[in-house]
Amino acid sequence: MFREILYLTVGAAKRAEKMVDAFIEDGRKELEDKSLVGLGKEHLEKRKEQFKDMFLDDFRKVANDLGLATKDDIKELKEMVKGN
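Residues numbered from 1 in each chain as written. Predicted model: local features only at pLDDT ≥ 70, side-chain atom pairs only at ≥ 80, totals over all residues. Heavy atoms only, no water.

Quick question: what am I supposed to make of the overall build of the protein chain here?
In terms of regular secondary structure, the protein chain is built from two helices and zero strands. Taking 12 Å as the expected radius of gyration for a compact globule of 84 residues, we find that the protein chain reaches 33 Å, considerably beyond that expectation. Projected onto its principal axes, the C-alpha positions of the protein chain cover 105 × 30 × 10 Å. Carbon and sulfur atoms provide 62% of the accessible area of the protein chain, an area that totals close to 8500 Å². (Helix = DSSP H or I, 4+ residues; strand = E, 2+ residues; numbered from the N terminus. Rg over C-alpha atoms; globule rule 2.2 N^0.38 Å. Areas by Shrake-Rupley, 256 points an atom, 1.4 Å probe, with all protein chains shown as cover.)

Got a minute to help me understand the pattern of salt bridges in this structure?
Under the defined criterion, the tally for this structure stands at three salt bridges. Salt-bridge contacts for arginine 28 lead to glutamate 25; the nearest nitrogen and oxygen are separated by 3.2 Å. Taken as a pair, arginine 28 and glutamate 25 lie in helix H1 (residues 2-66) at a separation of three residues, close to a single helical turn. A relative accessible area of 33% means that glutamate 25 is categorised as partly exposed. (Salt bridge = Lys/Arg side-chain N within 4 Å of Asp/Glu carboxyl O. Buried < 20%, exposed > 50% of the residue type's maximum accessible area, 1.4 Å probe, protein only.)

Looking at this structure, I do not really get a negative patch on the surface. What am I missing?
There is a patch of like negative charges on the surface, built from Asp72, Asp73, Glu76 and Glu79. With respect to the element layout, aspartate 73 can be found in helix H2 (residues 71-83). Judged by relative accessible area, aspartate 73 falls into the partly exposed class, the value being 34%. (Patch = residues over 30% accessible without salt bridge, like charges linked within 9 Å, V, L, I, M, F, W, Y side chains within 5 Å. Lys, Arg positive; Asp, Glu negative; His and termini not counted. Charge placed at Lys NZ, Arg CZ, Asp CG, Glu CD.)

Listed below in structure tokens is the structure:
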């Protein structure tokens, strides 16, 4: 009977050790996945900024070609109106 209790205890300890190892591995994988997600978000933010800059540059060129007023033009006109 003592031998059976000893085997049961050792078996339970081994099983608990495997469960803890599995939890640790799952946690490690989760952290790695979060790191990949973080890198993906960072990459997308960079691409978003590049696209935004490219779009704004193109828009400014078109606005300039069309002769649209800029913020500076409007500010200058407001100052002229206030001065008169």
